[in-house]
Amino acid sequence: MSQSITRQHFDEWMLPVYAPAPFIPVNAQGSRLWDQQGKEYVDFAGGIAVNALGHAHPALQAALVEQAGKLWHTGNGYTNEPILRLAKTLIDATFAERVFFCNSGAEANEAALKLARKYAHDNHGAQKSGIVAFKNAFHGRTLFTVSAGGQPAYSQDFAPLPPQIDHAVFNDLDSASALIGDHTCAVIVEPMQGEGGVVPATREFLQGLRALCDRHNALLIFDEVQTGVGRTGSLYAYMHYGVTPDVLSTAKALGGGFPIGAMLTTDRVGQCMGVGTHGTTYGGNPLAGAVAGRVMALVNTPEMLENVQVRHQQFMTQLTALNRDLNLFSEFRGLGLLIGGVLREEHAGKAKLIAQAAAHEGLMMLIAGGNVVRFAPALNISESDVTEGLTRFTRACERYLAGGSS
Ligand SMILES: *Cc1c(COP(=O)(O)O)cnc(C)c1O
């Protein structure tokens with residue numbers, strides 16, 4: 001008989017890098033989820049902006065099961081139909097002419113940064129190796145990407161770190177301009193900082209970075225791991241801003257819950273990565289290709305992107321209304337279905353307590369640092385699920401204000 005599993009086992013068996021919620025989810029459908037005790041939750045976390053089509057979407061199940069009956073994996077000594085179809089879909093839908101597939105956002109950014117170094121070295125010489133990134137940025141947890149990230153707490157314990165990465169202030173063009181020069185090979189930026197507090201870039205900032213990169217022959221890398229695949233109401237956030245990068249990383253929602261990442265670039269830039277210069281065993285496997293292909297087909301439609309905009313408006317209207325009574329938040333911000341609520345100063349640092357109170361009330365949600373609550377629900381979430389989730393959120397805020405999170 002198989003062993004019965006409790007949350008306690010996590011603390012006994014797992015490397016203690018996470019502090020998961022006290023319940024264990026076992027089943028989910030759409031934007032609702034149930035734990036071991038059968039308690040129901042509305043899902044505003046979306047697997048951290050991953051489950052673009054909610055849980056157990058029938059078309060994704062069908063794509064996965066169909067491909068599982070045909071071919072799972074061959075390694076990159078062979079290519080396969082689903083991944084080539086997905087590549088063509090991404091190329092047709094974006095600025096890209098070349099695609100590299102991997103398994104996560106960190107790997108997509110790792111590929112982007114390595115590409116930038118090699119492109120600069122090949123075309124301009126080894127001295128052109130500087131990378132400019134931004135404070136509070138998040139790019140993943142490999143050593144290179146955590147060093148590019150702008151939260152020293154995530155990187156300092158793993159020193160020595162890769163050198164020649166400088167951090168400017170996000171949304172501050174003067175600060176970026178002071179660091180970008182002819183020695184710069186790339187600028188990496190999130191069009192909207194996700195983990196860093198749900199902070200959209202201004203259009204002028206991204207336009208300014210584009211101009212600085214052009215002036216200094218540096219590649220502009222957009223990390224769209226969190227903002228990509230419809231999250232902002234555009235297929236990619238660069239389309240919303242009207243600023244086109246040279247390299248774009250995408251992951252999270254791309255697989256709708258199945259692990260896959262991709263780096264997109266132009267033919268001119270991508271040519272420098274010849275045979276053998278980069279790779280990964282699982283990258284581009286047919287299972288991921290089949291599922292992500294179906295995700296793209298379902299997300300990149302006017303109806304789905306319209307729902308993201310309409311639900312955004314609903315969130316903003318209802319959050320503003322509930323905050324009139326609660327007076328907990330100073331601001332709600334974000335694009336599409338990536339929305340942050342900034343706690344007023346007297347509640348600074350308490351976002352986690354509100355998220356814990358939310359679980360008690362049957363709501364899964366996220367935080368982005370200590371001061372911001374974050375919502376990243378499925379892109380196809382219904383009007384009634386948003387309303388029900390925000391009713392539970394109101395109760396969670398009241399519970400927090402009454403002094404209890406659990
Ligand atoms: C989540 C995230 C990553 C890292 O993705 P993983 O799949 O966890 O490696 C990188 N960049 C951004 C903007 C993210 O939100």
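Since this is a predicted model, take the numbers as computed values, not measurements.

1. Structural notes on the overall build of the protein chain
Then step 1. Tallying secondary structure elements over the protein chain gives 15 helices and 17 strands in all.
Then step 2. The C-alpha radius of gyration computed for the protein chain amounts to 21 Å, which stays within 12% of the reference 22 Å derived for 406 residues, consistent with globular compactness.
Then step 3. For the protein chain, the C-alpha atoms occupy an extent of roughly 60 × 55 × 45 Å along the three principal directions.
Then step 4. Across the 406 residues in the protein chain, those meeting the buried criterion constitute 54%.
Then step 5. Only carbon and sulfur atoms are counted for the fraction: they give 53% of the accessible area of the protein chain, which is about 17700 Å².

2. Re the packing of helix α14 (residues 351–360) against helix α15 (residues 383–401)
Then step 1. Running from N to C, α14 and α15 point in directions that differ by 120°, and their axes come no closer than 8 Å. When the interaxial angle is binned, α14 and α15 end up oblique. Our pair here, α14 against α15, has a crossing hand that is right-handed. Residue-level contacts link L353, I354, A357, A358 and H360 of α14 to F393, A396, C397, R399 and Y400 of α15.
Then step 2. Split into classes, the residues belonging to the contact of α14 with α15 amount to 8 nonpolar, 1 polar and 1 charged.

3. Brief notes about the environment of F258
Then step 1. The residue F258 is located in the loop between β11 (247–250) and β12 (261–265) in this model.
Then step 2. The class of F258 is partly exposed, set by a relative accessible area of 21%.

4. Comments concerning the sheet that holds strand β1 (residues 25–29)
Then step 1. Pairing within the open sheet is mixed, and its 4 strands lie in the order β1-β2-β3-β15. The sheet terminates laterally at β1 and β15 (363–364), the two strands that pair on one side only.
Then step 2. Note: β1 against strand β2 (residues 32–35), 4 bridges, orientation antiparallel. Within the sheet, the bridge partner assigned to A28 lies in β2 and is L33.
Then step 3. The sheet contacts of α15 involve β2, β3 (40–43) and β15, and relative to β3 the element is tilted by about 110°.

5. What to know about the side chain of S234
Then step 1. Within the secondary structure layout, S234 lies in the loop between β10 (219–223) and α10 (237–241).
Then step 2. Owing to a relative accessible area of 16%, S234 belongs among the buried residues under this scheme.
Then step 3. Not counting residues within four places of it along the chain, the set of residues in contact with S234 comprises M239, H240 and L305.

6. Some points on the UniProt feature "binding site: pyridoxal 5'-phosphate" (unreviewed entry) in the protein chain
Then step 1. UniProt records the feature "binding site: pyridoxal 5'-phosphate" (unreviewed entry) at G105, A106, F138, D223, E224, V225, Q226 and T281, using the numbering of this structure. The named residues occupy 177 residues along the chain; their greatest pairwise C-alpha distance, 24.9 Å, places them well apart from one another.
Then step 2. By secondary structure assignment, the location of E224 is in the loop between β10 and α10.
Then step 3. When residues no more than four places from it in sequence are discounted, the contact partners of E224 are P191, Y236, A237, Y238, L248, S249 and T250.
Then step 4. For T281, the location among the structural elements is in the loop between α11 (267–270) and α12 (286–299).
Then step 5. Since its relative accessible area comes to 58%, T281 is described here as exposed.
Then step 6. Apart from residues no more than four positions distant in its own chain, T281 is found in contact with H73, G75 and N76.

7. A short note on α12
Think of an α-helix as 3.6 residues a turn; residues three or four steps apart then line up on the same face.
Then step 1. Compared with the 20 Å implied by 1.5 Å per residue over 14 residues, the 20 Å span of α12 between its first and last C-alpha is a close match.
Then step 2. On its buried side, α12 packs onto α3 (58–68), α4 (81–93) and α13 (302–326).
Then step 3. Measuring from the backbone nitrogen of L287 back to the side-chain oxygen at the start of α12 gives 3.2 Å, which picks out N285 as the cap.

8. Some thoughts on a nonpolar patch on the surface
Then step 1. Side chains of I5, W13 and M14 sit close together on the surface and give an oily, nonpolar patch of about 330 Å² of accessible area.
Then step 2. Taking the relative accessible area as the measure of exposure, M14 reaches 46% and is therefore partly exposed.

9. Here we look at the pattern of salt bridges
Then step 1. Scanning the model with the defined rule gives 17 salt bridges in all.
Then step 2. Ionic pairing is found between R333 and E331, a salt bridge with its closest N-O pair at 3.6 Å.
Then step 3. Overall, E331 belongs to the partly exposed group, its relative accessible area being 37%.
Then step 4. Because the salt bridges share partners, they merge into one network encompassing R32, E40, D385, E388 and R392.

10. Digging into the packing of α4 against α12
Then step 1. Between α4 and α12, the shortest axis-to-axis distance is 7 Å and the interhelical angle comes to 35°. Classified by chirality, the crossing of α12 by α4 is left-handed. Of the residues in α12, those touching α4 at P82, I83, L86, T89, L90 and A93 are P286, G289, A290, A292, G293 and M296.
Then step 2. Grouping the constituent residues of the contact of α4 with α12 by class yields 9 nonpolar, 3 polar and no charged.

11. Here's the deal with the pairing of β10
On any regular strand, side chains alternate: one points to one face of the sheet, the next to the other face.
Then step 1. Taken across its 5 residues, β10 has 5 buried, putting it largely inside the fold.
Then step 2. Residues of β10 alternate between two faces, with L219, I221 and D223 on one and L220 and F222 on the opposite face, all of them buried.
Then step 3. Pairing of strand β7 (residues 184–189) with β10, which is carried by 4 bridges, proceeds in the parallel orientation. In the sheet register, V189 faces β10, and the bridge partner there is F222.
Then step 4. When β10 meets β11, the two strands line up parallel, connected through 3 bridges. When the sheet's bridge partners are listed, I221 is paired in β11 with V247.

Calculation notes
Residues numbered from 1 in each chain as written. Predicted model: local features only at pLDDT ≥ 70, side-chain atom pairs only at ≥ 80, totals over all residues. Heavy atoms only, no water. Helix = DSSP H or I, 4+ residues; strand = E, 2+ residues; numbered from the N terminus. Rg over C-alpha atoms; globule rule 2.2 N^0.38 Å. Buried < 20%, exposed > 50% of the residue type's maximum accessible area, 1.4 Å probe, protein only. Areas by Shrake-Rupley, 256 points an atom, 1.4 Å probe, with all protein chains shown as cover. Axes fitted to C-alpha atoms, helices over the stretch in contact; angles between N-to-C directions. Parallel < 35°, antiparallel > 145°, perpendicular 65-115°, else oblique. Left-handed = near helix turned anticlockwise from the far one by under 90°. Contact = heavy atoms within 4.5 Å. Nonpolar A, V, L, I, M, F, W, Y, C, P; charged D, E, K, R; others polar. Pairing = 2+ DSSP bridges. UniProt positions renumbered as here; feature names shortened; annotations may be inferred. Expected span 1.5 Å × (residues − 1). Polar contact = N/O pair within 3.5 Å; in protein donor to acceptor, adjacent residues only side chain to side chain. Patch = residues over 30% accessible without salt bridge, like charges linked within 9 Å, V, L, I, M, F, W, Y side chains within 5 Å. Salt bridge = Lys/Arg side-chain N within 4 Å of Asp/Glu carboxyl O.

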